[in-house]
2 protein chains.
Amino acid sequence: MQPDTPFSCQPIGRIHSCFREKFGIPRQPGLAPDAQALLELLPPYDRAEALSGLEGFSHVWVIFVFHQALRGQWRPTVRPPRLGGSRRMGVFATRAPFRPNPIGLSVCALEGVEQRAGRPWLRLGGVDLLDGTPVLDVKPYLPYTDALPEARSGYAPAAPAAALSVVFSARAEAACARAEGQHPGLRRLVTQVLAADPRPAWQGEKASRRHFGMRLWDYDVQWTLEDGVVRVTDLLTLATD
Amino acid sequence: MQPDTPFSCQPIGRIHSCFREKFGIPRQPGLAPDAQALLELLPPYDRAEALSGLEGFSHVWVIFVFHQALRGQWRPTVRPPRLGGSRRMGVFATRAPFRPNPIGLSVCALEGVEQRAGRPWLRLGGVDLLDGTPVLDVKPYLPYTDALPEARSGYAPAAPAAALSVVFSARAEAACARAEGQHPGLRRLVTQVLAADPRPAWQGEKASRRHFGMRLWDYDVQWTLEDGVVRVTDLLTLATD
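Quantities reported herein were computed from a predicted structural model and do not represent experimental measurements.

> In this structure, what is going on with the sheet that holds strand β3 (residues 36–41) of chain A? I would like to understand it.
Strands in a sheet are paired, the pairing made by backbone hydrogen bonds, and the direction either parallel or antiparallel. All names here are of chain A. Spatially, β2-β3-β8-β7-β4-β9 is the arrangement adopted by the 6 strands of the closed barrel, whose pairing is antiparallel. Geometrically, the sheet is characterised by an average inter-axis angle of 45° between neighbouring strands, direction not taken into account. With 7 bridges joining them, strand β4 (residues 59–65) and strand β7 (residues 103–116) adopt antiparallel strand pairing. Residue W61 lies in a different strand from β7, and its bridge partner there is V107.

> Is there a simple way to explain the relation of the copies chain B and chain A in this structure?
Both copies of the chain are related through a single rotation about an axis accompanied by a shift along the same axis. The operation relating chain B to chain A is a screw motion whose rotation component is 180°, with 0.0 Å of axial translation and a residual RMSD of 0.0 Å. When the rotation and shift are considered jointly, the pair of chain copies conforms to a two-fold rotation axis. A shared interface surface links the copies, since 100% of the contact residues of chain B are contact residues in chain A too.

> Sorry, what's going on with the domain arrangement of chain A here?
For interface size, the figure often reported is the accessible area lost on association. According to the domain assignment, chain A contains domain 1 (13–146) and domain 2 (165–237). Taking only C-alpha atoms into account, the centre of domain 1 of chain A sits 23 Å from that of domain 2 of chain A.

> What's the story with the environment of G185 of chain A in this structure? I'm lost.
Residues and elements named next belong to chain A. Within the secondary structure, G185 sits in the loop between α2 (170–179) and α3 (186–195). Residue classification places G185 among the partly exposed residues on the basis of 15 C-beta atoms within 10 Å. The spacing of G185 and D34 is 151 residues in sequence and 7.5 Å in space, taken between C-alpha atoms.

Analysis parameters
Residues numbered from 1 in each chain as written. Chains lettered and ligands numbered in written order. Predicted model: local features only at pLDDT ≥ 70, side-chain atom pairs only at ≥ 80, totals over all residues. Pairing = 2+ DSSP bridges. Helix = DSSP H or I, 4+ residues; strand = E, 2+ residues; numbered from the N terminus. Axes fitted to C-alpha atoms, helices over the stretch in contact; angles between N-to-C directions. Least-squares fit on C-alpha atoms with pLDDT ≥ 70 in both. Contact = placed C-beta atoms within 7 Å. Domains from an automatic or database assignment. Buried ≥ 20, exposed ≤ 12 C-beta atoms within 10 Å, placed from the backbone.

Now the structure itself:
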């Protein structure tokens, strides 16, 4: 293969995630530990032997396609949310989804390997993956080579502060309680996601909007924001696709 | 994009590395800190702005194609060298190059960003990358999300022990001294690479062979192995391609 030859490959799997739309997805994995996803291996890769030994690892790398960030034109610079959306950085100095090749890289907790409907599935935790994401590869996380806690990291030296406190209305509390059977821990997940301030980084929009909604599993989570406090007003059940 | 649609992309760059053949490449990045490579951005991605801000990071992820591991047939299990080459593991539980999509992932030290011949280049250290490797993406290493030193890692809990001691013959010492101008630290690099025991993991071959050669830059490094001691017998200068 010559370096300038196009590279083509076939997704080995597909993500089923609590994040049904881009809005609200944590900006890196691990920021919402209760965010769960299933990785379904697709034929011809749906062979249980291909995962043999993986259960000994606590974390895996998921290499995936930012399938909702495909567009014809690439730009050499982007505006990372970490810098308030106002400063431009080189696209290769960011983890932005809009990049020359829309390939994503996330480390996820591996919570289980199971068989369902005759196929092997991985249960993943702490995900930042959109529902329907095509997966190109899964690799075990090897701390001896992958963990560099002392690495220097420019403009993103630490996790974004979870700046917002989150309160629930009585309606929202009741909706979380009703959801407990199907989605245990939904209230905790909503809290983690909203505390991380999923609003767009553009200051203009931040200043003007007060009411927000995001889809989580099959719920439309509605909230308001005032004086740095998120108030979850309701969780509406959406019709399942 | 549907999850089962083939994904096609264009390499953004190409690796120029001290490793001119697969034999001898460290099994993970960082094991030979003096192993250096240059990443050349290819048109139309050879724009200096695309790297703006990257100089603030000490490490980068390189996502690349195992271009010498392309083959038609995939196998669900492989024999990792860590297990002596005798036990099979699921391919997704290993970092083996022969995998459904031959995509590699390496964290490399970022030693510099420079302009050469009108193009931006990255100087990388501690590489395990073959010369000519097509690069699909570069991302900054973010310790707050990527560094999980406590992760549990199955059959590969620690770096492979650098079991072998390395000595140089007078001829080999002299050849390293002559190379010092063009390849400073070549002796140290040879030592790091050979101490990690680059021999194939298959016991049969290990037992029967005593003389080895590997290409490093434009040298044929020749060595023998006896009683756990590597003796570098010579470095022959090869004709440059």
